[in-house]
Amino acid sequence: TFFFSRDGGLLAVSPTGGAPHTAWASAAHARGFSLSPDGTRIAFVTGAASGGDLIVHTIANNADQTIAHADSALGAPSWSSDGVTLTYSVGGRSAELIPHYASPPEIGPKLIFVATEFARGGGGTTFTIPATGGTPQPVAGRGASGAIAGFGRGGTAWIDGTHTLTTRTSNGGL
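Conventions and cut-offs
Residues numbered from 1 in each chain as written. Predicted model: local features only at pLDDT ≥ 70, side-chain atom pairs only at ≥ 80, totals over all residues. Heavy atoms only, no water. Helix = DSSP H or I, 4+ residues; strand = E, 2+ residues; numbered from the N terminus. Contact = heavy atoms within 4.5 Å. Areas by Shrake-Rupley, 256 points an atom, 1.4 Å probe, with all protein chains shown as cover. Pairing = 2+ DSSP bridges. Core = buried A, V, L, I, M, F, W, Y, C linked by side-chain atoms within 4.5 Å. Buried < 20%, exposed > 50% of the residue type's maximum accessible area, 1.4 Å probe, protein only. Phe/Tyr/Trp six-rings, centres within 6.5 Å; stacked < 30°, edge-to-face > 60°. Axes fitted to C-alpha atoms, helices over the stretch in contact; angles between N-to-C directions.

## So, the overall build of the protein chain
Here is step 1 of the chain: When helices and strands are tallied, the protein chain shows 0 helices and 17 strands.
Here is step 2 of the chain: Counting contacts in the protein chain only where the partners sit at least 6 residues apart, residues at least 24 apart contribute 37% of the total.
Here is step 3 of the chain: Counting every atom, the protein chain has about 9,800 Å² of accessible surface; 56% of that belongs to carbon and sulfur.

## Regarding the sheet that holds strand β8 (residues 74-79)
Here is step 1 of the chain: One open sheet accounts for 4 strands, arranged β8-β9-β12-β13; its pairing is antiparallel. The open sheet terminates on both sides in strands that have one partner only, identified here as β8 and β13 (137-138).
Here is step 2 of the chain: In this structure, strand β12 (residues 125-130) lies alongside β13, joined through 2 bridges in antiparallel fashion. When the sheet's bridge partners are listed, phenylalanine 127 is paired in β13 with proline 138.

## As for the nonpolar core
Here is step 1 of the chain: In this structure, Leu54, Leu74, Leu86, Tyr88 and Ile129 are the most contacted members of the largest nonpolar core, which totals 15 residues.
Here is step 2 of the chain: Setting aside chain neighbours within four positions, we find isoleucine 129 in contact with Leu54, Ile67, Ala68, Val84, Thr85, Leu86, Tyr88, Gly134, Thr135 and Pro136.

## As for the packing of aromatic side chains
For any two aromatic rings, the description comes down to two numbers: the centre-to-centre distance and the angle of the planes.
Here is step 1 of the chain: One pass over the full model with this rule turns up 5 aromatic pairs.
Here is step 2 of the chain: Each ring, one from tyrosine 88 and one from phenylalanine 127, has its centre 5.8 Å from the other, and the planes form 25 degrees; the classification is stacked. With a gap of 39 residues between them, tyrosine 88 in strand β9 (residues 85-90) and phenylalanine 127 in strand β12 connect regions that are remote in the sequence.
Here is step 3 of the chain: Accessibility expressed as a relative area gives 3% for tyrosine 88, which makes it buried.
Here is step 4 of the chain: Within the aromatic cluster, the residues linked to one another by ring pairs are Phe3, Trp24, Phe33 and Phe44.

## Some thoughts on the sheet that holds strand β2 (residues 9-14)
Here is step 1 of the chain: Here we have 3 strands laid out as an open sheet, ordered β1-β2-β3, and antiparallel in their pairing. With partners counted over all chains shown, the strands left at the sheet margins are β1 (2-6) and β3 (17-22), one partner each. Along the sheet, successive strands turn relative to each other by an average axial angle of 30 degrees, direction set aside.
Here is step 2 of the chain: Pairing analysis gives 3 bridges linking β2 to β3, with the strands arranged antiparallel. Bridged to alanine 12 within β3 is histidine 21.

## So, the side chain of threonine 46
Here is step 1 of the chain: On the secondary structure map, threonine 46 appears in strand β5 (residues 41-48).
Here is step 2 of the chain: Note on threonine 46: relative accessible area 15%, which makes it buried.
Here is step 3 of the chain: Beyond its immediate sequence surroundings of up to four residues, threonine 46 is in contact with Ser26, His29, Ala30, Arg31, Gly51, Gly52, Asp53 and Ile55.

## Observations concerning the environment of valine 139
Here is step 1 of the chain: When you line up the elements, valine 139 lands in the loop between β13 and β14 (140-142).
Here is step 2 of the chain: C-alpha of valine 139 to C-alpha of threonine 87: the two residues are 52 residues apart in sequence and 8.7 Å apart in space.

## What to know about the pairing of β12
Here is step 1 of the chain: Pairing between β9 and β12: 6 bridges, direction antiparallel. Residue pairing for β12: threonine 85 is matched across the bridge by proline 130.
Here is step 2 of the chain: From the end of β12 to the start of β13, which pair antiparallel, there are 6 residues, and glycine 133 there has a positive phi angle of about 105 degrees.

See below:
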């Protein structure tokens, strides 16, 4: 099965053809899909600026588990390399989404690649949480003033099982 994000949800289609369909019911109005390193689970977020959930979907048994909730917008889930921990962001001003569509001439008009660019938004806080659920822990670092500050919304990638890299930061300029 080939999965792709479109119109605010996750669709699936067979590599041999057929019509795309919603991958599973809760994926219809979700975003921020992130495949686990072993390919057995997909983390994603639901909701809006007023609040949402971080959900882990197990592909084999088609089951969802809500592992975190916040009263602000959630985004950018990312798996640790061992699949044990997730990072995600909470809060901040929403960034404008700028979609870029491309249909390479060598492939033809049937396949369209979409890259989404996020215009600058406000800060937020990045958290880690066990992929099975638990208590979210804020990720913090030292800002230019030396004070402890939370990392900005989005752009977190795991380097190994214990270290993350934040490629986009808050307006605080960490």
